[in-house]
Amino acid sequence: MSSISKGAPATAPRLPSSFRPVRSSPGRKVVSLAGRSPAGAEPALPLDEILVGDCIAQMQALPAGSVDVIFADPPYNLQLEGALHRPDQSKVDAVDDAWDHFDSFAAYDAFSRAWLAAARRLLKPNGTLWVIGSYHNIFRVGVAVQDLGFWILNDVVWVKANPMPNFRGKRFANAHETLIWAARDREAKSYTFNYHALKSFNDDLQMRSDWALPICSGGERLRDEDGDKVHPTQKPEALLYRVLLSSTNPGDVVLDPFFGTGTTGAVAKRLGRHFIGLERDAGYAAAAAARIAAVEPVALDALTVLAGKRAQPRVPFGALLEAGLVAPGTEVTDSRGRHSAVIRADGSLEAGDHIGSIHRVGALVQGLEACNGWTFWHLDQGRGREPIDALRDKIRAAFAPGT
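1. With respect to the overall build of the protein chain
Looking only at helices and strands, the protein chain features 11 helices and 16 strands. Across the 403 residues that make up the protein chain, the buried fraction comes to 46%. Across the protein chain, the fraction of contacts at a sequence separation of at least 24, relative to all contacts at a separation of at least 6, is 67%. Accessible area of the protein chain: about 20,100 Å², with a carbon and sulfur share of 51%.

Right, here's the structure in full:
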C-alpha cells in the first residue's frame, strides 16, 4: 500500500548510485535502474522504473494493453478514530497516515473505480489483476472490479501466522486479508496460471486459496534511523513471491500502482520479471529504489517453472511417422495387451471395424466416449510396453533451445 497524498516518512534510505532520478515528462519524476530495459523494448514503457506521481495520471499516460499483471495494494480506508494503545498504554504503530483517509465511502468508491479503470486499460487481453485488502475495503473494491468488467478467478485468503492482537478485546483478532485475482474480462482464456509449478512448490498437492504466511517483520521490515517503520503496511516478500510465481513468467511486466517501499519490485527483480512502480510519495520511492538495488536476481536457468503437457508444443501423431519413430503396419496395444490396433500410413489406427485417430479408436475399443490415445496405446520396442507418449517427448526434445 502506498500514499495518495504527500508526506514522506521520517527518514528514507538514500538512492544508490545505480539509480538515477530523471524527468521523462512534465510532472513525472522517474527513479530508474540503469541498464535494465532490454534492447528493442518499447520506449514508452518504463521498465524497472519507479514513477513518482499520481497513480491514475501515470497509468493514463502509459500505452494500453502493455502490462501482463497488476498487483495493487490500495489504501484500506481504515477509518481509525484516535490512537490505539496496548494494555500497558504503549501506543500501537497503526495506519493513521493522511493517505488512508477519505471523506466518505462515496469518495473512496470513486477513487477505486478511477484507478481500476486505468489499470484495466493497461492490461493485455490475457493479463490479470491482483488487489489486496481488509474487511474495511475489499468488498467495496470487489464490487468495482466486477462492475468495470473484470472477471474474478479466485479470492485468496492470506492467513497471517503472526497477526496483531485485538487490544480492546471487543472483536475477533483480525488475522487475515483477502486478495482478489481477476482476468481482464470474462472472455479471457489464456491468462497465466502456473498450476504445475505451484503443485510442485506445495509438495505435489494442489495449491489452495488459503495461504498461511507471516506478516512482514524482522530484517525484512524497512525502518528509519529512529527504528520506526518506513511504511506502515509493508507486505511480506513471501506473499508477492507466491503471487508472481502463480501468475507470471520470466520477462513479464508487473505494474504496482501503489508501490510503497517496493516489495513488488524487489520480488519481480529477483524472479526475472520487469516491474513498473507508481508511487506518489518521493520518500517511499527512494526507500524502494535503495531496497531494489540490493536485490540479486536469480540465475536465468533457475527461473524455468514446471509446466504441464498443455504448455508444451503440440505434436500430432503423424509427426512420429514422419520422424521414423514408428512405421505403418506397426502394432500397438494397451498396457496389458488386451486391445490392439495397427498404425496406418495416414496416422490413423485400425482395430477390427474401428478406424480413426489414436484417441477415437482407443475410446471405441473400450466402449467409452473419450480416451487419451497417447497414454492408452503402448509400443514394445524391445524394452517392454511403453506408452507412445514417450515417443512424442522425443519430438518435443528436438524443439528445445540449443538442440
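2. Some words on the pattern of salt bridges
For the coordinates displayed, the defined rule picks out 14 salt bridges. Notably, a salt bridge pairs Asp 389 with Arg 392, separated by 2.8 Å at the nearest N-O pair. Here the residue Asp 389 and the residue Arg 392 both occupy positions in helix H11 (residues 389-399), the gap between them amounting to 3 residues, near one helical turn. Residues joined in a network through salt bridges with shared partners are Glu 237, Arg 270 and Arg 291.

3. What about the packing of aromatic side chains?
According to the stated counting rule, one finds 12 aromatic pairs in the structure shown. Here Phe 201 and Tyr 241 contribute two aromatic rings whose centre-to-centre distance is 6.2 Å and whose plane-to-plane angle is 25 degrees, an arrangement assigned as stacked. With Phe 201 in helix H4 (residues 195-201) and Tyr 241 in helix H5 (residues 237-247), this residue pair connects regions lying 40 residues apart in the sequence. Taken together, a centroid distance of 6.0 Å and an interplanar angle of 65 degrees make the contact between Phe 317 and Trp 374 edge-to-face. Of this pair, Phe 317 sits in the loop between helix H7 (282-293) and helix H8 (318-322) while Trp 374 sits in helix H10 (residues 373-376); the two residues are 57 residues apart in sequence, bridging distant segments of the chain. Of the two residues examined, Phe 317 and Trp 374, each falls in the buried class. Linked through ring pairs, Trp 130, Trp 181, Tyr 191, Phe 193, Tyr 195 and Trp 211 together constitute an aromatic cluster. Here the guanidinium or amino end of Arg 242 rests over the ring plane of Trp 211, the centre of that ring lying 5.2 Å away. Residue placement shows Arg 392 over the ring face of Trp 374; its charged tip is 4.3 Å from the ring centre.

4. Section: the environment of Thr 304
The residue Thr 304 is located in the loop between H7 and H8 in this model. For Thr 304, a relative accessible area of 68% gives the class exposed. Separated by 54 residues in sequence, Thr 304 and Pro 250 have C-alpha atoms that sit 7.8 Å apart.

5. Digging into the pairing of strand E9 (residues 253-256)
Along any regular strand, the residues point their side chains to alternate faces of the sheet. The two faces of E9 match: Val 253 and Leu 255 on one face and Val 254 and Asp 256 on the other face are all buried. In terms of strand pairing, strand E4 (residues 67-72) meets E9 through 2 bridges, oriented parallel. If you follow Ile 70 over to E9, its bridge partner there is Leu 255. Across 4 bridges, the pairing between E9 and strand E10 (residues 274-279) is parallel.

6. Section: the environment of Ala 341
Secondary-structure assignment places Ala 341 in strand E12 (residues 340-343). Contacts of Ala 341, omitting those with residues within four sequence positions, involve Thr 330, Glu 331, Val 332, Leu 349, Glu 350, Ala 351 and Trp 377.

7. Concerning the packing of helix H6 (residues 263-270) against H7
Between two packed helices, the angle of one axis relative to the other and the distance separating the axes together describe the packing. Their axes nearest at 9 Å, the elements H6 and H7 cross at an angle of 20 degrees. Between H6 and H7, the crossing angle belongs to the class labelled roughly parallel. Note that H6 runs across H7; the crossing there is right-handed. Contacts between H6 and H7 involve Thr 263, Gly 265, Ala 266 and Lys 269 from the former and Arg 291, Ile 292 and Ala 293 from the latter. For the contact of H6 with H7, the residue count by class is 3 nonpolar, 2 polar and 2 charged.

The rules we used
Residues numbered from 1 in each chain as written. Predicted model: local features only at pLDDT ≥ 70, side-chain atom pairs only at ≥ 80, totals over all residues. Heavy atoms only, no water. Helix = DSSP H or I, 4+ residues; strand = E, 2+ residues; numbered from the N terminus. Buried < 20%, exposed > 50% of the residue type's maximum accessible area, 1.4 Å probe, protein only. Contact = heavy atoms within 4.5 Å. Areas by Shrake-Rupley, 256 points an atom, 1.4 Å probe, with all protein chains shown as cover. Salt bridge = Lys/Arg side-chain N within 4 Å of Asp/Glu carboxyl O. Phe/Tyr/Trp six-rings, centres within 6.5 Å; stacked < 30°, edge-to-face > 60°. Lys NZ or Arg CZ within 6 Å of the ring centre and 35° of its normal. Pairing = 2+ DSSP bridges. Axes fitted to C-alpha atoms, helices over the stretch in contact; angles between N-to-C directions. Parallel < 35°, antiparallel > 145°, perpendicular 65-115°, else oblique. Left-handed = near helix turned anticlockwise from the far one by under 90°. Nonpolar A, V, L, I, M, F, W, Y, C, P; charged D, E, K, R; others polar.

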